[in-house]
Amino acid sequence: MAIEWREAVAEAREATNFTGEVTQRTVDGIGTALRLDHRAAFYTELGALANSGGFEAFLNHWWTQAVADSAADGDAREQAIDFADVAVSLYARATGGPTSTQAEIEALVTGAAAS
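Residues numbered from 1 in each chain as written. Predicted model: local features only at pLDDT ≥ 70, side-chain atom pairs only at ≥ 80, totals over all residues. Heavy atoms only, no water.

### Here's the deal with the packing of helix 4 (residues 55–69) against helix 5 (residues 74–94)
Across the interface, helix 4 lies against helix 5 with an axial gap of 8 Å and an inter-helix angle of 160°. By the criterion of interaxial angle, the relationship of helix 4 to helix 5 is roughly antiparallel. The hand of the helix 4/helix 5 crossing is right-handed. Here helix 4 contributes Glu56, Asn60, Trp63, Thr64, Gln65, Val67, Ala68 and Asp69 to the contact with helix 5, which in turn contributes Arg77, Ala80, Ile81, Phe83, Ala84, Asp85, Ala87, Val88 and Tyr91. When the residues that make up the contact of helix 4 with helix 5 are grouped by side-chain class, the tally is 10 nonpolar, three polar and four charged. (Axes fitted to C-alpha atoms, helices over the stretch in contact; angles between N-to-C directions. Helix = DSSP H or I, 4+ residues; strand = E, 2+ residues; numbered from the N terminus. Parallel < 35°, antiparallel > 145°, perpendicular 65-115°, else oblique. Left-handed = near helix turned anticlockwise from the far one by under 90°. Contact = heavy atoms within 4.5 Å. Nonpolar A, V, L, I, M, F, W, Y, C, P; charged D, E, K, R; others polar.)

### Concerning helix 1 (residues 2–16)
Each turn of an α-helix holds 3.6 residues, which means side chains three or four residues apart point in the same direction. An ideal rise of 1.5 Å per residue puts 21 Å on 15 residues; helix 1 measures up with 21 Å between its terminal C-alpha atoms. Buried residues of helix 1: Trp5, Ala8, Val9, Ala12 and Thr16, and no others. The buried side chains of helix 1 occupy one side of the element, clustering within an arc of 100° when seen end-on. Away from the buried face of helix 1 by more than 90 degrees, exposed residues Arg6 and Glu14 are located. Downstream of helix 1 by one or two residues, Asn17 has phi in the positive range, about 60°. (Expected span 1.5 Å × (residues − 1). Buried < 20%, exposed > 50% of the residue type's maximum accessible area, 1.4 Å probe, protein only. Arc of directions from axis to C-beta.)

### A word on the environment of Gly20
Tracing the backbone through its elements, the reader meets Gly20 in the loop between helix 1 and helix 2 (27–33). Gly20 sits 50 residues away from Ser70 along the chain, and the two C-alpha atoms are 8.4 Å apart.

### Some points on the nonpolar core
In terms of nonpolar packing, the biggest core is built from 24 residues, with Trp5, Ile30, Trp63, Val67 and Phe83 touching the most fellow members. Those elements giving two or more residues to this core turn out to be helix 1, helix 2, helix 3 (36–49), helix 4 and helix 5. In terms of residue count, the dominant contributor to this core is helix 5 (eight residues). In this structure, Phe83 is in contact with Val9, Ala12, Arg13, Thr16, Phe18, Val22, Trp63 and Val67, ignoring residues within four places of it in sequence. (Core = buried A, V, L, I, M, F, W, Y, C linked by side-chain atoms within 4.5 Å.)

### Comments concerning the packing of aromatic side chains
Per the stated rule, a full pass over the model turns up eight aromatic pairs. An angle of 70° between the planes, with centres 4.9 Å apart, marks the rings of Phe42 and Tyr43 as edge-to-face. According to the relative accessible area criterion, Phe42 is buried, its value standing at 0%. Centroid distance Phe42 to Phe58: 5.2 Å. Interplanar angle 15°. Geometry classified as stacked. Note that Phe42 is positioned in helix 3 and Phe58 in helix 4, a separation of 16 residues in sequence. (Phe/Tyr/Trp six-rings, centres within 6.5 Å; stacked < 30°, edge-to-face > 60°.)

### Looking at the packing of helix 1 against helix 5
In contact at an axis separation of 8 Å, helix 1 and helix 5 are set at 140° when each is read in the N-to-C sense. On the basis of their axis angle, the class for helix 1 and helix 5 is oblique. Where helix 1 crosses over helix 5, the two elements pack in a sense that is right-handed. Residues Glu4, Trp5, Ala8, Val9, Glu11, Ala12, Arg13 and Thr16 of helix 1 pack against Gln79, Asp82, Phe83, Val86, Ala87, Val88, Leu90, Tyr91 and Ala94 of helix 5.

Written out as structure tokens, the structure reads:
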């Protein structure tokens, strides 16, 4: 799955022209990148996750938040969120998870609603 993730991040970076720092999609990477007020919620949710089977969704959600928290300002934050949304959608498609259509991914990139 590491290859699919790297490919999804590279494709999302190209699609969104994202030039910011990419947070590692690991518990440690996400925990370190989160703002302190988000970090407590992240570790609380991780502890409650146990064996629920939702670890991938948990990582996707909190990775997106960590990328947003790492942004320097409001404009960079918006671009970081767009990039993270596209990366997660592309990764889900590559791994057979819940997918988005190409139109939905393009809508994420342009900020428009997919029809």
